[in-house]
Amino acid sequence: QVQLVESGGGLVQAGGSLRLSCAVSGSIFSINAMGWYRQAPGKQRELVAAITSGGSTNYADSVKGRFTISRDNAKNTVYLQMNSLKPEDTAVYYCAASLRGADYDYWGQGTQVTVSS
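Conventions used here
Residues numbered from 1 in each chain as written. Predicted model: local features only at pLDDT ≥ 70, side-chain atom pairs only at ≥ 80, totals over all residues. Heavy atoms only, no water. Helix = DSSP H or I, 4+ residues; strand = E, 2+ residues; numbered from the N terminus. Rg over C-alpha atoms; globule rule 2.2 N^0.38 Å. Buried < 20%, exposed > 50% of the residue type's maximum accessible area, 1.4 Å probe, protein only. Contact = heavy atoms within 4.5 Å. Disulfide = S-S within 2.5 Å. Salt bridge = Lys/Arg side-chain N within 4 Å of Asp/Glu carboxyl O.

Helices and strands together make up the secondary structure of the protein, namely 0 helices and 11 strands. Radius of gyration (C-alpha) of the protein: 13 Å, near the 13 Å computed for a compact globule of 117 residues. For the protein, the C-alpha atoms occupy an extent of roughly 40 × 30 × 25 Å along the three principal directions. Counting across all 117 residues of the protein, residues that qualify as buried make up 42%. Residue pairs in contact within the protein that sit at least 24 positions apart in sequence constitute 53% of those at least 6 positions apart.

What is meant by a disulfide is a covalent connection between two cysteines, made through their sulfur atoms. In total, this model carries 1 disulfide according to the counting rule given. With its sulfur 2.0 Å from that of its partner, C22 forms a disulfide with C95. Disulfide C22 to C95: torsion about the S-S bond roughly -80 degrees, handedness left-handed. Here C95 lies in strand β9 (residues 91-98) and C22 lies in strand β3 (residues 18-26), a separation of 73 residues in the sequence.

Positive phi, close to 50 degrees, is recorded for N76, a residue that is not glycine. Among the secondary structure elements, N76 is positioned in the loop between β7 (67-72) and β8 (77-82). Non-glycine residue S84 carries a positive phi angle of around 50 degrees. Relative to the helices and strands, S84 is located in the loop between β8 and β9. On the basis of relative accessibility, which here comes to 41%, the residue S84 falls in the partly exposed class.

This brings us to the pattern of salt bridges. If you walk through the whole model with that rule in mind, you get 4 salt bridges. K64 serves as the salt-bridge partner of D61, at 3.1 Å between the closest nitrogen and oxygen. An identical accessibility class is assigned to D61 and K64; each is exposed. Residue R66 pairs with D89 through a salt bridge whose shortest N-O separation is 2.8 Å. Of this pair, R66 sits in the loop between β6 (57-59) and β7 while D89 is found in the loop between β8 and β9, placing the two residues 23 residues apart along the sequence. Residue R66 shares its accessibility class with D89, and that shared class is buried. Each of R38, E46, R66 and D89 takes part in one network of salt bridges that share partners.

As for its placement among the helices and strands, A23 is situated in strand β3. Along the sequence, A23 and N76 sit 53 residues apart, while their C-alpha atoms lie 6.1 Å from each other. Ignoring sequence-local partners within four residues, the contact set of A23 consists of Q3, L4, V5, N76 and T77.

Once that is clear, we can look at the environment of V12. On the secondary structure map, V12 appears in strand β2 (residues 10-13). We classify V12 as buried; its relative accessible area is 13%. The spatial distance from the C-alpha of V12 to the C-alpha of W107 is 24 Å, given a sequence separation of 95 residues. Beyond its immediate chain neighbours, meaning those up to four positions away, V12 contacts S17, L18, L85, T114, V115 and S116.

This is a description of form; function is not addressed.
Right, dumping it as structure tokens:
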């Protein structure tokens, strides 16, 4: 079992920055990759960024150059640094853990990010 707890969401003006954190506990050794997803009202959930156990990262085209995913193994925490935020970044952001393959097996409760214009 893996437990994920997100924090760091909030309200920010367009052009601002936020850093989301995801505290990971449980069977951490079994995790293959960590990801950040988001879901806006009326839209499908989408993968924003991911980082593998080897440190490889990938990003959605819409956030490339603005968002950075990173991890601190000593703190068992994954971060999503979000810069140059836009109103279209407004969504609930979820942290997720993958044990194998492309599927994500564990999810956090989500944290709201609202970007005002």
